[in-house]
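# Notes for the structure review
Here is how the chains run, residue by residue.
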Amino acid sequence: MGKYMLQTTVVRPSFQFTVPPLENGDRLSRDEFERRYAAMPRSCKAQLIEGRVYMSAAALRLNSHGRPHGRLMTWLGYYEAATIGSIVGDAITIRLDSENEPQPDLALLIDPACGGQTQLTNDYVEGAPEFLAEISASTVSIDLGDKKAAYERNGVQEYLVWRVLDQQIDWFWLQNGEYVDLLADNDGITRSRVFPGLWLDRTALLKGDMQKVLSVLQLGISSKEHDEFVAQLGSVE
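Please read all numbers here as calculations on a predicted model, not as lab measurements. (Residues numbered from 1 in each chain as written. Predicted model: local features only at pLDDT ≥ 70, side-chain atom pairs only at ≥ 80, totals over all residues. Heavy atoms only, no water.)

### Considering the packing of aromatic side chains
In this description, an aromatic ring pair is defined by two values, namely the gap between the centres and the angle between the planes. For the record, the criterion: Pairing of aromatic rings covers Phe, Tyr and Trp, the last counted by its six-membered ring, and requires centre-to-centre distances within 6.5 Å; plane angles under 30 degrees mean stacked, over 60 mean edge-to-face, and any other angle means tilted. Put simply, DSSP H or I for four residues or longer makes a helix, DSSP E for two residues or longer makes a strand, and each gets a number counted from the N terminus. Classification of residues uses two cut-offs on accessible area relative to the type maximum, computed with a 1.4 Å probe and protein chains only: under 20% is buried, over 50% is exposed, and between them is partly exposed. Geometrically, a charge over a ring is one whose NZ (Lys) or CZ (Arg) sits within 6 Å of the ring centre while staying within 35 degrees of the ring normal.
Counted by the stated rule, this structure contains ten aromatic pairs. Ring centres of W75 and W171 lie 5.8 Å apart, and the angle between their planes is 90°; this geometry places the pair in the edge-to-face category. You can see W75 sitting in helix α2 (residues 62-82) and its partner W171 sitting in strand β10 (residues 168-175), a full 96 residues away along the chain. Across this residue pair, the class does not change: W75 and W171 are buried. Summarising the aromatic geometry, the rings of F131 and W171 are spaced 5.9 Å apart at their centres and angled 80° between planes, so their arrangement reads as edge-to-face. Here F131, found in strand β8 (residues 131-136), pairs with W171, found in strand β10; they are 40 residues apart in sequence, far enough to count as distant. Note on accessibility: F131 and W171 belong to one class, buried. Three or more aromatic residues link up through ring pairs in this structure, and these residues are Y151, Y159, F172 and Y179. Above the face of the W199 ring, R191 is positioned so that its terminal group lies 4.2 Å from the ring centre. Over the ring of W173 we find R193, and its NZ or CZ is 4.4 Å from the ring centre.

What follows is the structure, given as structure tokens:
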């Protein structure tokens, strides 16, 4: 009987090129950041600040983030309800420039249809919102460092940082291209320069006295300046 040799064909698997995952500290363009972000699990949260990737923690604590976030959201939401032509956004992605795509905790915009300085592309905000806010516990160095510089350079008109652990609220206003502190008036109330009627009693907010925070805000939205602002927004064609 003859000997037969069994010949086998080895099939080598073809290489499959996958999108590299986002890693904290990566240096990327905004286009590459978006490409990699789209391939990440839905639970992933990341920002691009001055060309560097910052991965956010999935778990957020109540008193160092959740409650302050909720109180600021209540304040801004109350203002939005009384100010037709304004828009409040919670943790929205903002395409700021080629090296910056942040997800600020809160944003207050003038509706682009009412003359705002942003625009919507596929429901993403493009450009610099008028007002941004961050709840800052472990991220103070970023929020008051690279992020502040990016917001200032791109023309975010006002920027509020609640430094939770320090029990301080910083509110900056863009004046001649540079951020300056927006200070309280003699009555202890801080008044927005961009959104007339957006008044804040910082001491009350830090104490968690939301009744006083909202009563002060109600005074602001009852002012003549707020009425004129709303009329101005409504007159834009």
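### Describing the sheet that holds strand β7 (residues 124-126)
Sheet strands pair by backbone hydrogen bonding; their relative direction is either parallel or antiparallel. Rule in force here: For two strands to be treated as a pair, DSSP must find at least two bridges joining them.
Here three strands make up an open sheet; going across it, the order is β4-β7-β6 and the pairing mixed. Two strands bound the open sheet, and with one partner strand each, they are β4 (94-95) and β6 (119-121). As paired elements, β6 and β7 share three bridges and run antiparallel to each other. Paired with Q119 across the strands is E126, a residue of β7.

### What to know about the pairing of strand β11 (residues 178-181)
The pairing of β10 with β11 spans four bridges and is antiparallel. Across the sheet, the residue bridging to L174 is Y179, located in β11. The hairpin formed by β10 and β11 contains two residues between the paired strands, and N176 there has a positive phi angle of roughly 55°.

### Side note on the packing of α2 against helix α6 (residues 210-221)
Test applied: Note on definitions: angles span 0 to 180 degrees between N-to-C directions of axes, and those axes are lines fitted to C-alpha atoms, for helices only across the stretch in contact. When an angle is under 35 degrees it counts as roughly parallel; over 145 it counts as roughly antiparallel; between 65 and 115 it counts as roughly perpendicular; any other value is oblique. For any helix crossing, the convention is left-handed if the near helix is rotated counterclockwise from the far helix by under a right angle, and right-handed if that rotation is clockwise. By definition in these notes, contact holds between two residues if any of their heavy atoms fall within 4.5 Å.
The N-to-C vectors of α2 and α6 enclose an angle of 25°; their axes lie 10 Å apart at closest approach. Taken together, α2 and α6 sit at an angle that is classed as roughly parallel. In the packing of α2 onto α6, the handedness of the crossing is right-handed. Contacts between α2 and α6 pair R71, T74, W75, Y78, Y79 and A82 from the former with M210, V213, L214, L217, Q218 and I221 from the latter.

### Observations concerning the sheet that holds strand β9 (residues 158-163)
Spatial strand order, β3-β5-β8-β9-β10-β11: six strands in an open sheet with mixed pairing. Looking along the sheet, the strands with just one partner apiece sit at the ends: β3 (86-90) and β11. In this sheet, neighbouring strand axes are inclined to one another by 20° on average, regardless of whether the strands run parallel or antiparallel. One ladder, built from six bridges, connects β9 with β10; its direction is antiparallel.

### Quick word on the nonpolar core
Put simply, the rule is: What is meant by a nonpolar core is a set of buried Ala, Val, Leu, Ile, Met, Phe, Trp, Tyr and Cys residues, joined one to another through side-chain atoms within 4.5 Å.
L72, W75, F131, L160, F195 and L198 are the most contacted members of the largest nonpolar core, which totals 31 residues. Sorting the residues of this core by element identifies α2, β5 (106-110), β8, β9, β10, α5 (202-207), α6 and α7 (224-235) as the ones contributing at least two each. Aside from chain neighbours lying at most four places away, what touches F195 is Y79, S86, L108, L109, I110, E130, F131 and F229. In terms of nonpolar packing, the next biggest core, distinct from the first, is built from 15 residues, L109, L132, V156 and F172 among them.

### Some thoughts on the environment of V53
With respect to the helices, strands and loops of the structure, V53 is situated in strand β2 (residues 52-55). For V53, a relative accessible area of 0% gives the class buried. V53 sits 47 residues away from N100 along the chain, and the two C-alpha atoms are 9.4 Å apart. Residues contacting V53, with those up to four places away along its chain left out, are L22, E23, N24, G25, D26, L28, F33, A46, Q47 and L48.

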